[in-house]
Amino acid sequence: MKLFVIALVLVGVCAAKNFCKRNSVAKSDADALVSAVLLYIPQVFGHCRFGKNANSFFGKECKNTLQQGYCYGKSLYDGYEVADKVADCSFGEGDRDYSVSVTYTDMAAVLSSNGPVQQLGALSCESVLPCVEHLADKLAKCAARDDTFYAKALENARNLLEPFITSNMGAVEDSLVCHFGADSDALTLLDLIKQKITSFDDIVDLVNKYLDADTQESLASGARSGLYSFLEGSNEFCDAECISKTSEYFKDLFTATHDAETCPTIESYCGGCQNNADSFISANADSVPCCTQTAMDSIIGSLQSLIEEYGDLLSKIESAVKDTVTEADVSVAGYEALKAAAMEQAGCLGDTYDELADGDCA
């Protein structure tokens, strides 16, 4: 699955389609969403002069990104009948099977020349990246003029969101009762969260408890640096027109990985799926596109740097959360089992990534 995620990131960064075309309802809803965002921008960022003009602050690329992203998400929402599943309180218990079995053949199909990944990639290159660059520039200019810019923006966002979250908490509880039961661990955890976090200030206190001022500044600085590094690499990927090469390579890799007996689904990579993928890579040595390999190295390198720098902090937070959950008489055995399984799969995927990264590129 990690290989698929990497492929989606690479291709999704750069393939154009109007996802709102022929869907007037979704287009109307998307336009309403854009209007709402433009309404709230001055309320959150209006203390900066750039934030007073919502249209200029958001920009045409961000409008297009939001519209197209909403329409595409709506198509998936309708296609997978999410509304029916949410509303059905017999979910997981009735005769209707909501499970989805995905194969590597399915993943290869979405990477085809007319598939959604390439279409999303085109949107990303044409609108998403320019949108992110535009917003980053506006925010940087605001912050340069006011040291308290982000703090004020966060406070403004808090004032807007708190009433919305409070008014919808009952619906969240009803949904958990509906799908998991009144005595479920899910409801216990929600009650625990409500006890621990009664206001936005409680969230701030939790952050300060685990992150001192220097660490918070380091995280913020690292996030800014990582963002600009990502934008630079993504633009190079787009400019190199690497999308079709990346799509074609991973489409062939996923096609070769699937086997009805040894790798019927993507549920488990270790074993048959890994053997099939590694065999393809070995038989097609030195065929991975150089631009793809460069981007993969950048993604994996960034992830490894984050783990090395903040691994101890994450472990500390994980331990504290587990202790709190255990005190609430909620078992963490299921979480530990999932974590162990994920670590095993990550190891196998890491071995395959090394095969891809170590060879010469085409």
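All of these numbers come straight from a predicted model, not from anything done at the bench. (Residues numbered from 1 in each chain as written. Predicted model: local features only at pLDDT ≥ 70, side-chain atom pairs only at ≥ 80, totals over all residues. Heavy atoms only, no water.)

A. Here's a closer look at the overall build of the protein. Assigned secondary structure in the protein consists of 14 helices and zero strands. Going residue by residue from the N terminus, the α and β elements of the protein occur as α-α-α-α-α-α-α-α-α-α-α-α-α-α. Relative to its length of 362 residues, the protein is compact, with a C-alpha radius of gyration of 23 Å against a globular reference of 21 Å. For the protein, the spread of C-alpha atoms along the principal axes amounts to about 60 × 50 × 50 Å. Per-residue burial over the protein gives 31% buried out of 362 residues. Accessible surface, the protein: about 20,900 Å² in total, of which carbon and sulfur atoms supply 56%. Averaging the coordinates of the 26 positive side-chain charges in the protein and doing the same for the 55 negative ones gives two points 12 Å apart. (Helix = DSSP H or I, 4+ residues; strand = E, 2+ residues; numbered from the N terminus. Rg over C-alpha atoms; globule rule 2.2 N^0.38 Å. Buried < 20%, exposed > 50% of the residue type's maximum accessible area, 1.4 Å probe, protein only. Areas by Shrake-Rupley, 256 points an atom, 1.4 Å probe, with all protein chains shown as cover. Lys, Arg positive; Asp, Glu negative; His and termini not counted. Charge placed at Lys NZ, Arg CZ, Asp CG, Glu CD.)

B. Just a nonpolar patch on the surface, in detail. On the surface, Ile193, Ile197, Ile203, Leu206 and Val207 cluster together to form a nonpolar patch covering roughly 360 Å² of accessible area. If you tally residues by element for the nonpolar patch, the top one is helix α9 (residues 200–210), at three residues. Looking at where Ile193 falls in the secondary structure, it is placed in helix α8 (residues 185–196). A relative accessible area of 48% places Ile193 in the partly exposed class. (Patch = residues over 30% accessible without salt bridge, like charges linked within 9 Å, V, L, I, M, F, W, Y side chains within 5 Å. Salt bridge = Lys/Arg side-chain N within 4 Å of Asp/Glu carboxyl O.)

C. Fine view of the packing of aromatic side chains. This structure, assessed with the given rule, holds eight aromatic pairs. For the pair Phe45 and Phe57, a centre-to-centre distance of 5.0 Å together with 20° between the ring planes defines the contact as stacked. Separated by 12 residues along the polypeptide, Phe45 in helix α2 (residues 24–45) and Phe57 in helix α3 (residues 54–79) bring together distant segments of the chain. Connected via pairs of aromatic rings, a cluster forms that spans Tyr104, Tyr249, Phe250, Phe254 and Phe280. Lying over the aromatic face of Phe50, Arg49 brings its terminal NZ or CZ to 4.4 Å of the ring centre. (Phe/Tyr/Trp six-rings, centres within 6.5 Å; stacked < 30°, edge-to-face > 60°. Lys NZ or Arg CZ within 6 Å of the ring centre and 35° of its normal.)

D. Structural detail: the packing of helix α13 (residues 290–327) against helix α14 (residues 333–358). Running from N to C, α13 and α14 point in directions that differ by 160°, and their axes come no closer than 13 Å. Judged by the angle between their axes, α13 and α14 are roughly antiparallel. Note on packing geometry: the crossing formed by α13 with α14 is left-handed. In this structure, α13 contributes Gln293, Met296, Asp297, Ile300, Glu318 and Lys322 to the contact, and α14 contributes Tyr335, Glu336, Lys339, Tyr353, Leu356 and Ala357. By residue class, the composition of the contact of α13 with α14 is six nonpolar, one polar and five charged. (Axes fitted to C-alpha atoms, helices over the stretch in contact; angles between N-to-C directions. Parallel < 35°, antiparallel > 145°, perpendicular 65-115°, else oblique. Left-handed = near helix turned anticlockwise from the far one by under 90°. Contact = heavy atoms within 4.5 Å. Nonpolar A, V, L, I, M, F, W, Y, C, P; charged D, E, K, R; others polar.)

E. Highlighting the environment of Ile317. Mapped onto the fold, Ile317 is located in helix α13. Put simply, Ile317 and Ala277 are 40 residues apart on the chain and 36 Å apart in space, counted from C-alpha to C-alpha.

F. Region of interest: the side chain of Thr103. Tracing the sequence through the fold places Thr103 in the loop between α4 (82–87) and α5 (104–110). Judged by relative accessible area, Thr103 falls into the buried class, the value being 16%. Reaching out from Thr103, the side chain makes a polar contact with the backbone nitrogen of Thr105 at a distance of 3.3 Å. Filtering out sequence-adjacent residues up to four positions away, Thr103 remains in contact with His258, Pro264, Thr265 and Ile266. (Polar contact = N/O pair within 3.5 Å; in protein donor to acceptor, adjacent residues only side chain to side chain.)

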